[in-house]
Amino acid sequence: MKFPPVRALKWLLLPVVAGRQTRHRRFPGSPPTGFCKSAATSWGVRIFQSKRWCEASGSVAKYFDRQLKVSNRLLTMNGATSSSPRHLPADERRAVTVAAVIALAAERNPQEITTTAIADRMSLTQGALFRHFPTKEAIWQAVMEWVAEVLLARIDDAAQTAASPLAALEVMFMAHIDFVAQHPGVPRILFGELQRAEDTPAKRAVQTLLEQYGLRLHALVEQGIAQGELDREVDPTAAATLFIGSIQGLVMQALLAGKVQRIRAAAPGAFAIFARGVRRVP
């Protein structure tokens, strides 16, 4: 019988992309269903179940052989890169994006970080990045929300292990310092957002973080006063401001010196001064 041209047989190739098997469909102009039997396995394309499928010409057979090799190569590449940033669930993609922004902020001015730089750091296109974040502001908002969630969780966990209000303040101070040392890009982003004149979701997230942080400190100071550990003349609001301000001062000096890791060594002395100012003297 006369074999149809190559373009009439292209419908038989069932491409497998990213591990997904496409379903068989007949396209306009394709051969009738009974022309040849085809099947597809989950890991490749088996065009016909029998070697005696048709009396094809040598050129057509070579064409299909090349297509099969390409399909198998794509499947091999997909299996090797299934854990790469290109194939992550939405939640993991957002987490990876946040990590990329924080890492970039540790290297350059956060205001100079572009979506192109973020996509390049993640080995993605800008289009892939914007499928998860509609705007650059949405990326910054996600970063600030992550910072607030993780930082508050860390200081809460630290405070639960303390034996007294003053001890809780100390472990919270050190937990905050440790967080900054681990993520030096975070304070650069925080300072940058607070300096912006316009109101943005990211800036509001920073303000909410500071408010929630301050409430925790205020409650601990009041508890310390009630238990007689802290001086009753101490103003809880002023003490909370001094606590956060001491950390911000250490961070600013570390950033100016370009040696953020030194903040760990300076933290105990700074907290000791704070503690002497609020502790009740017998």
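Please refer to the structure placed before this passage.
Worth saying up front: this structure is predicted, and the values here are computed from it rather than measured.

(A) Representation of the nonpolar core within the structure. Core analysis: the largest hydrophobic core is formed by 67 residues, its most contacted members being I118, M144, L169, F173, Y213 and F243. Here this core gets 12 residues from one element, more than from any other, and that element is helix 5 (residues 136-160).

(B) Up close: the packing of helix 5 against helix 6 (residues 165-182). Contact geometry for helix 5 and helix 6: axes closest at 8 Å, N-to-C directions at 145°. Note that helix 5 runs across helix 6; the crossing there is right-handed. Contact with helix 5, carried on its side by W146, V147, V150, L151, R154, I155, A158 and A159, involves A168, V171, M172, A175, H176, D178, F179 and Q182 of helix 6 and no other residues of that element. Split into classes, the residues belonging to the contact of helix 5 with helix 6 amount to 12 nonpolar, 2 polar and 2 charged.

(C) Structural view of the packing of helix 8 (residues 201-226) against helix 9 (residues 236-257). For the pair helix 8 and helix 9, interaxial distance at closest approach is 8 Å and the crossing angle is 125°. In terms of orientation, helix 8 lies oblique with respect to helix 9. Of the two possible hands of crossing, helix 8 and helix 9 adopt the one that is right-handed. Between helix 8 and helix 9, the contacting residues are Y213, G214, L217, H218, V221, E222 and I225 on the first element and P236, T237, A239, A240, F243, I244 and I247 on the second. Split by residue class, the contact of helix 8 with helix 9 holds 10 nonpolar, 3 polar and 1 charged.

(D) Expanded view of helix 5. The first and last C-alpha atoms of helix 5 sit 37 Å apart over 25 residues, in line with the 36 Å expected at 1.5 Å per residue. Burial in helix 5 covers these residues: A138, I139, W140, A142, V143, M144, V147, A148, L151, L152, I155 and A158.

(E) Local environment of the pattern of salt bridges. The tally for this structure, following the rule as stated, stands at 8 salt bridges. Here R204 and D199 are joined by a salt bridge, their closest N and O atoms 3.0 Å apart. Look at R204 and you get partly exposed, because its relative accessible area is 39%. According to the relative accessible area criterion, D199 is exposed, its value standing at 52%. Salt bridges sharing partners connect three or more residues here, namely E137, E193, R196 and E198.

(F) Just the environment of A175, in detail. In this structure, A175 sits in helix 6. With a relative accessible area of 16%, A175 lands in the buried category. On a C-alpha basis, the gap between A175 and A158 in space is 6.9 Å, while along the polypeptide they are 17 residues apart. Dropping the residues within four chain positions of it, A175 is found in contact with R154, I155 and A158.

Rules behind the numbers
Residues numbered from 1 in each chain as written. Predicted model: local features only at pLDDT ≥ 70, side-chain atom pairs only at ≥ 80, totals over all residues. Heavy atoms only, no water. Core = buried A, V, L, I, M, F, W, Y, C linked by side-chain atoms within 4.5 Å. Buried < 20%, exposed > 50% of the residue type's maximum accessible area, 1.4 Å probe, protein only. Helix = DSSP H or I, 4+ residues; strand = E, 2+ residues; numbered from the N terminus. Axes fitted to C-alpha atoms, helices over the stretch in contact; angles between N-to-C directions. Left-handed = near helix turned anticlockwise from the far one by under 90°. Contact = heavy atoms within 4.5 Å. Nonpolar A, V, L, I, M, F, W, Y, C, P; charged D, E, K, R; others polar. Parallel < 35°, antiparallel > 145°, perpendicular 65-115°, else oblique. Expected span 1.5 Å × (residues − 1). Salt bridge = Lys/Arg side-chain N within 4 Å of Asp/Glu carboxyl O.

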